[in-house]
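This is what each chain is made of:
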Amino acid sequence: MSNRHIARKQMLLFEPDTLFRRTVAMTARALNLGHIHEAASVLTATRMLSMTAFHGAIIAVRLAPTDPPAYDLSLLDRVRAGKSASHRDMPIAVMVEQCDLDLLASLQARAVSRVLLKPFRVRVLLDSFADLARCADLPDRSAGQDRTTASAPPDGYHGDRNS
């Protein structure tokens, strides 16, 4: 797949850390790794998911503010339940500070394509955008097409810290 084809892919980056999010998004755009839409809050990401058909997403997963021992997986649940403009099977990678077996099982149940453990190099995130774009050749729901079979996750689960 050419960088020109990848550049047309709509990608969501949800990351509350402004400096990190802006750096990654600007670098990804400069490298033609897709049209990166940035969201700094769950509310903004939810609104964007309801309005735009994304081809892939990288989502920061953090502890839920209402239930501190639990993680907020509401964005993943929204997409997988078909409550967004994106295809329910779109590839999603998550960024987490730590990942225990319970969280990993929850992410696997939601068909997460890749798990990125922080801290990692920005290059890891840029490579993830490229991988998501390559495996995001799903018909757009907005075009009235539906997909009848689900594809396997592109790379399995990656939990390596690349520092």
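Residues numbered from 1 in each chain as written. Predicted model: local features only at pLDDT ≥ 70, side-chain atom pairs only at ≥ 80, totals over all residues. Heavy atoms only, no water.

A. Seen up close, the pattern of salt bridges. This structure, assessed with the given rule, holds nine salt bridges. One salt bridge in this structure joins Glu 38 and Arg 21, with 3.3 Å as the shortest N-O distance. Here Glu 38 is found in strand E2 (residues 35–39), whereas its partner Arg 21 is found in helix H2 (residues 18–30), with 17 residues between them in sequence. For the pair Glu 38 and Arg 21, a shared accessibility class is recorded, and that class is buried. A salt bridge links Asp 77 to Arg 110; its shortest N-O distance comes to 2.5 Å. (Salt bridge = Lys/Arg side-chain N within 4 Å of Asp/Glu carboxyl O. Helix = DSSP H or I, 4+ residues; strand = E, 2+ residues; numbered from the N terminus. Buried < 20%, exposed > 50% of the residue type's maximum accessible area, 1.4 Å probe, protein only.)

B. Geometry of the packing of aromatic side chains. Across all of its chains, the model carries one aromatic pair by this definition. With a centroid separation of 6.0 Å and an interplanar angle of 70°, the aromatic rings of Phe 20 and Phe 120 are classed as edge-to-face. Placement of Phe 20 in helix H2 and of Phe 120 in the loop between strand E7 (114–117) and helix H6 (122–134) is noted, with a sequence separation of 100 residues between them. On the basis of relative accessible area, Phe 120 is assigned to the buried category, the value being 11%. (Phe/Tyr/Trp six-rings, centres within 6.5 Å; stacked < 30°, edge-to-face > 60°.)

C. Molecular detail of the pairing of E7. Because side chains alternate across E7, one face comprises the buried residues Arg 114 and Leu 116, and the other comprises Val 115 and Leu 117, equally buried. Two elements, strand E6 (residues 92–96) and E7, share four bridges in a ladder whose sense is parallel. Bridge pairing in E7 links Ala 93 to Arg 114. The parallel pair E6 and E7, bridged by helix H5 (residues 101–109), forms a crossover whose chirality is right-handed. (Pairing = 2+ DSSP bridges. Right-handed = clockwise from strand over helix to strand, strands pointing away.)

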